[in-house]
Amino acid sequence: MPKKILVIEDEANIAELLRLYLEKEGYETAVAKDGGAGVAAFDAEKPDLVLLDIMLPVMDGWQVLREIRSKSKTPVIMLTAKGETQDKITGLESGADDYITKPFEVKEVVARIHAVLRRFGEDEKTSERVLTFDKLVIDMDSFELTVDGKKLDIPPKEMELLFHLASSPNRVYTRNQLLDEVWGFDYFGDSRTVDVHVKRLREKLEGVSDKWSLKTVWGVGYKFEVNGQSAGK
Ligand code: CA
């Protein structure tokens with residue numbers, strides 16, 4: 001089911017730009033043009049995430065955020081004007097999940113939405129923080145990797161990358177997806193970063209079991225392949 005994003009923004013051109021771009025990215029959208037309408041739309045639309053402007057007619061973004069937080073943990077990304085550092089601090093204390101400074105690139109907004117929704121989704125399914133395969137235990141709670149009964153010292157990014165791949169066995173990820181989802185959009189590395197980390201992981205995991213492996217999908221990216229499980233999960 002597509003995720004629904006509620007955009008609360010009084011500047012019609014910005015709201016429209018966000019709406020078009022988000023729908024192109026496969027999201028459902030709802031738009032409200034002032035704070036009061038925003039709170040009403042939040043109740044009516046039950047969005048998965050809210051993009052919330054601060055300077056709004058009727059009720060400002062802070063009030064809207066308080067209203068939302070009084071009844072829900074739904075992720076909220078604030079749209080702040082340039083240089084309003086105090087706004088960010090106020091926002092953090094009022095329970096916003098992230099900030100985007102205007103003027104922004106719509107691409108950046110989409111990357112932030114992905115990151116916040118992913119973080120939120122992971123918080124919701126904490127039980128899946130430990131993955132167990134033949135001779136392999138990936139434990140993200142204690143940040144421990146156990147290979148063939150032995151605990152390995154492993155850098156955090158390698159651990160996160162392995163966990164990310166192994167969370168969806170046989171699903172192919174492109175290098176850019178992995179950069180986005182494991183390193184985050186703030187990271188200005190290139191896709192070779194992914195290759196280097198996969199190579200190091202392989203050195204640790206090669207030949208441990210014939211039931212799973214870290215596979216290169218030529219021209220596409222990588223997957224954590226588990227035998228006997230169909231692809232495309
Ligand atoms: Ca505004």
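Residues numbered from 1 in each chain as written. Predicted model: local features only at pLDDT ≥ 70, side-chain atom pairs only at ≥ 80, totals over all residues. Heavy atoms only, no water.

A.B. asks: Honestly, the coordination of the calcium ion in this entry has me stumped. Any pointers?
C.D. replies: Any two of four tetrahedral donors ideally make an angle of 109.5 degrees at the metal, while pairs among six octahedral donors ideally make 90 or 180 degrees. Summarising the metal site, the calcium ion is bound by the protein donors D10 (OD), D53 (OD) and M55 (O), whose distances to it range over 2.1 to 2.4 Å. Mapped onto the sequence, the donors of the calcium ion take the spacing D-x42-D-x1-M. Residue D10 is located in the loop between β1 (4–8) and α1 (12–24), and its partner M55 is located in the loop between β3 (49–53) and α3 (61–69); the two are separated by 45 residues in the primary sequence. (Donors = N, O, S within 2.8 Å, 3.2 Å for Na, K, Ca; no water. Helix = DSSP H or I, 4+ residues; strand = E, 2+ residues; numbered from the N terminus.)

A.B. asks: Please explain the environment of R200 as it appears in this structure.
C.D. replies: Tracing the backbone through its elements, the reader meets R200 in helix α8 (residues 192–205). In this structure R200 comes out as partly exposed when scored by relative accessible area, which is 40%. Residues R200 and P155, spaced 45 residues apart in sequence, show a C-alpha to C-alpha distance of 10.0 Å. (Buried < 20%, exposed > 50% of the residue type's maximum accessible area, 1.4 Å probe, protein only.)

A.B. asks: Teacher, can you tell me more about the pairing of strand β6 (residues 130–133) here?
C.D. replies: Looking along a regular strand, one sees side chains alternate from face to face of the sheet. Residues L131 and F133 point to one face of β6 and are all buried, whereas V130 and T132, pointing to the other face, are not buried. Note: β6 against strand β7 (residues 136–139), four bridges, orientation antiparallel. Across the sheet, L131 pairs through a bridge with I138, a residue of β7. Between β6 and β7, which pair antiparallel in sequence order, lie two residues; one of them, K135, sits at a positive phi of approximately 60°. (Pairing = 2+ DSSP bridges.)

A.B. asks: What exactly am I supposed to notice about the packing of aromatic side chains here?
C.D. replies: To describe a pair of aromatic rings, one takes the distance between the centres and the angle between the planes. Tallied over the entire structure, the rule returns two aromatic pairs. Residues F133 and F224 carry aromatic rings whose centres are separated by 4.8 Å and whose planes lie at 55° to one another, so their mutual orientation is tilted. Of the two residues, F133 is situated in strand β6 and F224 in strand β12 (residues 221–226); the sequence distance between them amounts to 91 residues. Like F224, F133 is buried. Taking the centre distance of 5.7 Å and the plane angle of 20° together, the rings of W212 and F224 count as stacked. On the criterion of sequence distance, the pair formed by W212 in strand β11 (residues 212–217) and F224 in strand β12 is long-range, its members being twelve residues apart. (Phe/Tyr/Trp six-rings, centres within 6.5 Å; stacked < 30°, edge-to-face > 60°.)

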